Amino acid sequence: MAPARATRPASGALRPQLLLTLAILTFTCDACKKVILHVPSKLDAEKFVGRVNLKECFQSANLIHSSDPDFQILEDGSVYTTNAVLSSEERSFSILLSNTENQEEKKILVLLQHQTKKRHSKEKVLRRAKRRWAPIPCSMQENSLGPFPLFLQQIQSDTAQNYTIFYSIRGPGVDREPKNLFYVERDTGNLFCTRPVDREEYESFELIAFATTPDGYTPELPLPLVIRIEDENDNYPIFTEKTYVFTISENCRVGSTVGQVCATDKDEPDTMHTRLKYSIIEQLPAYPTLFSMHPTTGVITTSSSQLDRELIDKYQLKIKVQDMDGQYFGLQTTSICIINIDDVNDNLPTFTRTSYVTSVEENTVDVEILRVTVEDKDLMNTANWRANYTILKGNENENFKIVTDPKTNEGILCVVKPLNYEERKQVDLQIVVVNEAPYSKEGSLRSTMSTATVTVNVKNQDEGPECSPRVQTIQTKENVPVGTEIQGYKAYDPETRSSSGIRYKKLSDPKEWVRINENTGSITIFRNLDREAEMIRGGIYNITILASDKDGRSCTGTLGIILQDVNDNGPSIPKHTVVICKTVLSPSADIVAIDPDEPINGPPFDFRLENIPDSDIERTWRLTKINDTAARLFYEKDLPFGTYRISVRVADRHGRSLITPLKVLLCDCVTENDCTLRTDARTGGGDVRLGKWAILAILLGIALLFCILFTLVCGGTGAAKQPKVFPDDLAQQNLIVSNTEAPGDDKICSTDGFTTHTVGSSAQGVCGTMGSGVKNGGQESIEMVKGGHQTLESCRGTGHHHTLDSCRGGHVEVDTCRYTYSEWHNFTQPRLGEKVQLCNQDDKHKHAQDYVLTYNYEGKGSVAGSIGCCSERQEEDGLEFLDHLEPKFRTLAEACIKR
C-alpha cells in the first residue's frame, strides 16, 4: 500500500505560471551532487522556481552564490529567477556554498528539466505501479480557502488486491484535539481535511493509518502519516516595544551608536516570511538628516556630527520593519523612536559685563562687596553650567576671595583680610570664570576664557594706634647700670603718622628687669641684666607692650632687647670628679672647661694647678694642654690608690679666670666605669635602686632554682625505686667512662666487627661512645650511662677523662642506677673476655700490641677532678674568659692588643 497524491490546480500568483509540482530529487547518497527541478518552458523574472535543502549539503555555510546570474538563491534554499528565462529541454547551474571562517567550500548541481503536464479529470483514477506500505510526506497550505472537505492524498495497501481492505486513521486532528479535522474514506483510502488550519497553532500532525479486513484481520502494520502545514505569510512583524527611547551626546562623531530596535515574526523561521528589514520612514525635525538605520540588525547610528542640544534637544523617528526581506508585497509595522540629546560642556560661561566697580572700608573683613553674573547655554544645574571663579591678578596679598552661589551661579567677591587705606587706596582685580566640567572642544582653553576687571576702592576709617612693625628691637650691654633709660617701643597714629597722644603699658616682663614710660614708651633698667640667664634665648630678652589712644583703641607689640655680651663669666669645669686608671699604660684624665660668654670672650683657655700652702701639688700632678678648651691631668709620683683633691684655675683669652675644685680618683681599673662601680661598692655610695625588670629577673631566678631542686629530688626518689636488671645487650647500650693515667693508646671497640679506633676520632656505635680513662690515686672509676647518643666530639679535651657534666651538647640519657663492681664484673666478665680475646688478636691469632688492657676497680672519681678541660681546648672554645681577668691581667692584655 502506498499513498498517492491527486492532481489539483495550484493556488497563488506564482503557481498558475509555473504549472508544475516541483519535485526536488536529492540523491540520498550525496545531497551535494545533483538536484533536479521540473520547470515550465517559460519563467518570468522574480518568480519562484523551487527549493533546495542547503543544510543537508553544508550545515555551516555562510556564503551562498549562484553560478548563473539568471537565478538567485536565498538562505532558506529558495530559488528565484532574476530575469525572464526561456528554458530548453535541459538547463543546469551550480549553487556554491562556502564558509569564510575555515575556507571550506561545497557545490550543488541544479538540473532544470522541462516537463509537459497533462490535466486529468477528477474522475480519472491514477494507475500506479505496485508500491510498499510506507509513509510519504504530505502537506497542506495553512488558512486554505478550500473547497472543503479538501482532498490531501490517498493511502493504499498492496493487500487490497487479495482482500477487501477498510482504511481508518487515528491521532491529533482525528480523535484528539483538534478533533474531526481529518478523515479517511473507508473504502478508497482518500484523506480529506474539513477546515482551514493555522500553522502558528499546529505546525504538523502525526496520524496513524490502519488497513484491516472486514473480519478484523490486519494485513499491514500501522502506517505513521505526517501532515505538514505549509506556512503562509499571514503574520505581521511586531516591534518589541511601542516606543523606543535612546540618549546620545551632542557633538558626537559620525557613526556613533544611538541604540538598537528589534522586531519578531510568528511565521516559519528561516523563510522569507520572517526575513525582516528595518528602515527609518520619518525624522522630526526633518532637517538635517542626522540618523541612519542598519536594515538587518536595526542599529541606529549618527550620520552627521551636527547634533547640538542647545538648538534641538530631542528628535523623533518613525521606523518601519517589513518581512519578505523588505519587498513591496511584504507585511510591515511601524513604531516610534525618541532620541534625547545629552548635554556636554561645549559652551563656556561669559561675563555679562567686562568691568565692575565697588568699594569697601579699610580694616573690614569677611564681608561681601560684589556679585558678578555670567551666561552659559549649557544645561542648567549641571557641571557643564555651574561656574568656578578665580582671581588671576591683583590678589597677591590674599585680601579677597570669590565663591560661587550654588543657586544663582553668581560669583560672590568677599574680603577675607583687612585692607589699609594708608597703604593702598585702590585695588584692581582680574577675574576669570570656567565650568566645573572640563571644556569638550579642542583648542586652548585660556584663549577662550571669559575675564572681567573689578576696581575696589578702599574707604578711609578713623583707626586706633598701629603697632608696626609688630616686633621692634633695641640693643644694650648686659652690664648697663640700673636706672639707665633707653629707647623703647613706638606706635603711631596711621592717620597722622605721629606717636603723640599714645600711652604705653607693659603686658609681659618675665624677669621684671625694666620699667616703661607710659607717655613715651622708653625703657628704664630696673634690675641688672644678665645675658647668660636661663630664660634668655639667643641673647634677646622679649617684653610685650600695649599701646592705646584716648578713645581706648589699642594694639600690642613685642620689644626685643638684644643684650650685648661682656666678659663677666670665667671658664669653669662642669665635671668635678675625674678618674685615673693607674693600671693602664698612660694613666691620665681629660679635663674640659666651658665659658657661657660669647666666643670673643671665651677660648683659648689657660689651665693651671692652684697651689695650696703646705702641699706638694705641683710636684705630684701635672697639666698638659690638649686644645683650646681641654687639658690632660697626669700624676708624677707613684701614688697609692685612693681619692685626692686638687684645684684648677682656668682663664679665658682676656685673663678672666675661675678656680674649680676637683676630686681625683686613682683606681686599679681599666675603664672609668670599673673605678666608679668599685668606689661605690667600697664606700657604699650611690643610691642603688632595683627596677621592676630587675625584681622580675630575681623572682624568675628563684623560681627556676626551686624547679631544679624539685627535679633532682624527684629524680633521686625514682631512681631508688627502680630494680637492678641487666639487659642482654648491656655491653652494647652503655657508655663506659673510665679514669686512667696509664700510658698507652686507648681503644674503643665497635660492635660492628669490633674495629678499633684511636681516641680522638668519633666512634659511635651500638655500644655507645667511650672516653679514655685517667688513673686517679691507684683506683679506677667506672660509670655506666645508658644510650649511645653522646659523641666524643661533643666532649672537650679528647683523650682525657670527662664526666657527663663536662660534655656540652648532645642528648644523653643517664641511668639513675649505678651498679656495684661485683655486679658489673660478674655480668660483663664472660662477655668482655670473649670479645677482647677477638679484638687483641692479629691475623695470625697472636696478641696485638695495642690490645685492650684490663684495669682494677678503684671506686668513684677523683676528688681533685680532671685538668684535661683546661690543658687542651678545641677550636670551638672562644676567648671569652679573657674578659673576666683581674686588673693585672687586663694590663697585659691591653699591651698585647696595642702591639
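Residues numbered from 1 in each chain as written. Predicted model: local features only at pLDDT ≥ 70, side-chain atom pairs only at ≥ 80, totals over all residues. Heavy atoms only, no water.

Details of the overall build of the protein chain
At step 1: Per the secondary structure count, the protein chain includes ten helices and 53 strands.
At step 2: When burial is assessed residue by residue, the protein chain has 37% of its 899 residues classed as buried.
At step 3: When contacts within the protein chain are restricted to residue pairs at least 6 apart in sequence, long-range pairs at least 24 apart make up 66% of them.
At step 4: Put simply, the protein chain shows about 53,600 Å² of open surface, and 51% of that area lies on carbon and sulfur atoms. (Helix = DSSP H or I, 4+ residues; strand = E, 2+ residues; numbered from the N terminus. Buried < 20%, exposed > 50% of the residue type's maximum accessible area, 1.4 Å probe, protein only. Contact = heavy atoms within 4.5 Å. Areas by Shrake-Rupley, 256 points an atom, 1.4 Å probe, with all protein chains shown as cover.)

Overview of the sheet that holds strand β20 (residues 257-260)
At step 1: Reading across from one edge, β20-β24-β23 is the order of the three strands in this open sheet, with antiparallel pairing throughout. The sheet is open, and its two edges are formed by β20 and β23 (291-293), each paired on a single side. Shown here is a sheet whose adjacent strand axes are inclined to one another by a mean of 20°, direction ignored.
At step 2: Here three bridges tie β20 to strand β24 (residues 299-302), and the two strands are oriented antiparallel to one another. Counted as the bridge partner of Gly259 is Ile300 from β24. (Pairing = 2+ DSSP bridges. Axes fitted to C-alpha atoms, helices over the stretch in contact; angles between N-to-C directions.)

Remarks on the UniProt feature "transmembrane region" (unreviewed entry) in the protein chain
At step 1: Mapped onto the present numbering, the UniProt feature "transmembrane region" (unreviewed entry) falls at residues 693-714.
At step 2: Spanning residues 693-714, this segment combines 100% helix with 0% strand, and its end C-alpha atoms are found 31 Å apart. (UniProt positions renumbered as here; feature names shortened; annotations may be inferred.)

Things to note about the state of the cysteines
When the sulfur atoms of two cysteines share a covalent bond, that bond is a disulfide.
At step 1: Following the criterion strictly, the structure yields three disulfides and no others.
At step 2: For Cys467, the disulfide goes to Cys555, at an S-S distance of 2.0 Å. Sign of the S-S torsion, about 75° for the bond between Cys467 and Cys555, identifies this disulfide as right-handed. Taken together, the positions of Cys467 in the loop between β35 (450-459) and β36 (471-477) and Cys555 in strand β42 (residues 554-564) put the pair 88 residues apart, joining distant regions of the chain.
At step 3: Under the relative-accessibility criterion, Cys467 is labelled buried at 5%.
At step 4: The disulfide partner of Cys581 is Cys669, and the gap between their sulfur atoms is 2.1 Å. In this structure, the disulfide formed by Cys581 and Cys669 twists by about -100° around the S-S bond and is classed as left-handed. On the criterion of sequence distance, the pair formed by Cys581 in strand β43 (residues 577-581) and Cys669 in the loop between β49 (657-667) and α5 (672-683) is long-range, its members being 88 residues apart. (Disulfide = S-S within 2.5 Å.)

Quick word on the packing of aromatic side chains
At step 1: Evaluation of the coordinates by the stated rule reveals 14 aromatic pairs.
At step 2: Judged by centre distance (6.2 Å) and plane angle (50°), the ring pair of Tyr163 and Tyr217 falls under tilted. One end of the pair, Tyr163, is in the loop between β12 (150-154) and β13 (166-170); the other, Tyr217, is in the loop between β16 (204-212) and β17 (223-230), with 54 residues separating them in the sequence.
At step 3: Judged by its relative accessible area of 44%, Tyr163 is partly exposed.
At step 4: Overall, Tyr217 belongs to the partly exposed group, its relative accessible area being 44%.
At step 5: Both rings, one in Tyr328 and one in Phe329, keep their centres 5.1 Å apart while their planes meet at 85°; by these two values the pair is edge-to-face.
At step 6: In this structure Phe329 comes out as partly exposed when scored by relative accessible area, which is 41%. (Phe/Tyr/Trp six-rings, centres within 6.5 Å; stacked < 30°, edge-to-face > 60°.)

Side note on the pattern of salt bridges
At step 1: Evaluation of the coordinates by the stated rule reveals 25 salt bridges.
At step 2: Among the charged side chains, a network of salt bridges with common partners joins Arg199, Glu200, Glu203 and Asp231. (Salt bridge = Lys/Arg side-chain N within 4 Å of Asp/Glu carboxyl O.)

A closer look at the sheet that holds strand β39 (residues 514-516)
At step 1: Strand order across the open sheet formed by three strands is β37-β40-β39, with antiparallel pairing between neighbours. Here the strands that pair on one side only, and so sit at the sheet edges, are β37 (485-486) and β39.
At step 2: In this structure, β39 lies alongside strand β40 (residues 523-525), joined through three bridges in antiparallel fashion. Considered in β40, the bridge of Val514 is made with Ile525.

What about the pairing of strand β15 (residues 190-193)?
At step 1: Residue alternation in β15 divides its side chains into two sets, Asn190 and Phe192 and Leu191 and Cys193, and both sets are buried.
At step 2: Two strands pair when backbone bridges link them, and β12 and β15 are joined in this way by four bridges, in the antiparallel orientation. Bridge assignment links Phe151 to a residue of β15, and that residue is Phe192.
At step 3: Sheet topology places strand β14 (residues 182-184) next to β15; three bridges connect them, and they run antiparallel. When the bridges of β15 are listed, Tyr183 appears paired with Phe192.
At step 4: What sits between the antiparallel neighbours β14 and β15 is a turn of five residues, in which Gly189 has the positive phi angle 80°.

What about the confidence of the model for the protein chain?
The predicted coordinates should not be examined in detail at positions where pLDDT is low.
At step 1: Per-residue confidence for the protein chain averages 75 on the pLDDT scale, and 71% of its residues sit at or above 70.
At step 2: Segment residues 1-31 is flagged for pLDDT under 50; beyond a separation of four residues in sequence, or across chains, it makes 74 contacts in the model.
At step 3: Confidence drops under a pLDDT of 50 for residues 866-876, and excluding neighbours within four residues, the segment shows 16 contacts in the predicted structure. (pLDDT = per-residue confidence, 0-100.)

Considering the side chain of Glu250
At step 1: Topologically, Glu250 is positioned in the loop between β19 (243-249) and β20.
At step 2: Buried and unpaired, Glu250 has Arg309 as its nearest opposite-charge partner, separated by 4.5 Å.
At step 3: Look past the residues within four positions of Glu250 in its chain and what remains in contact with it is Leu307, Asp308, Arg309, Glu310, Ile341, Asp342, Asp343, Val344 and Asp346. (Lys, Arg positive; Asp, Glu negative; His and termini not counted.)

Focus: the side chain of Asn99
At step 1: Structurally, the position occupied by Asn99 is in strand β9 (residues 90-99).
At step 2: Under the relative-accessibility criterion, Asn99 is labelled buried at 6%.
At step 3: A distance of 2.9 Å separates a polar side-chain atom of Asn99 from the backbone oxygen of Ser60.
At step 4: Look past the residues within four positions of Asn99 in its chain and what remains in contact with it is Phe58, Ser60, Asn62 and Glu104. (Polar contact = N/O pair within 3.5 Å; in protein donor to acceptor, adjacent residues only side chain to side chain.)

Some details on unusual backbone geometry
At step 1: Geometrically, the link from Phe148 to Pro149 is a cis peptide bond, its omega value of 0° lying close to zero.
At step 2: When you line up the elements, Pro149 lands in the loop between β11 (138-141) and β12.
At step 3: In this structure, Gln103 is a non-glycine residue whose phi angle is positive, near 60°.
At step 4: Within the element layout of this structure, Gln103 appears in the loop between β9 and β10 (104-114).
At step 5: Looking at Gln103, the relative accessible area reads 63%, which means it is exposed.
At step 6: Backbone geometry places Asn143, a non-glycine residue, at a positive phi of 55°.
At step 7: Along the chain, Asn143 falls in the loop between β11 and β12.

Here we look at a nonpolar patch on the surface
At step 1: On the surface, Ile695, Ile698, Leu699, Ile702, Leu704, Leu705, Phe706, Ile708, Leu709 and Leu712 cluster together into a nonpolar patch covering about 1,000 Å² of accessible area.
At step 2: Relative to the helices and strands, Leu709 is located in helix α6 (residues 692-721).
At step 3: What makes Leu709 partly exposed here is its relative accessible area of 45%. (Patch = residues over 30% accessible without salt bridge, like charges linked within 9 Å, V, L, I, M, F, W, Y side chains within 5 Å.)

Looking at the environment of Glu250
At step 1: Judged by relative accessible area, which is 3%, Glu250 ranks as buried.
At step 2: Taking C-alpha positions, Glu250 is 7.8 Å from Gln306, a pair spaced 56 residues apart along the chain.
At step 3: At a separation of 2.8 Å, a polar atom in the side chain of Glu250 contacts the main-chain amide nitrogen of Arg309.

Re the environment of Val670
At step 1: For Val670, the position within the fold is in the loop between β49 and α5.
At step 2: Taking the relative accessible area as the measure of exposure, Val670 reaches 27% and is therefore partly exposed.

Considering the environment of Asn347
At step 1: In this fold, Asn347 is placed in the loop between β26 (332-342) and β27 (350-351).
At step 2: If sequence neighbours within four positions are ignored, Asn347 has contacts with Glu310, Asp376, Lys377, Asp378, Asn384, Asn435 and Tyr439.

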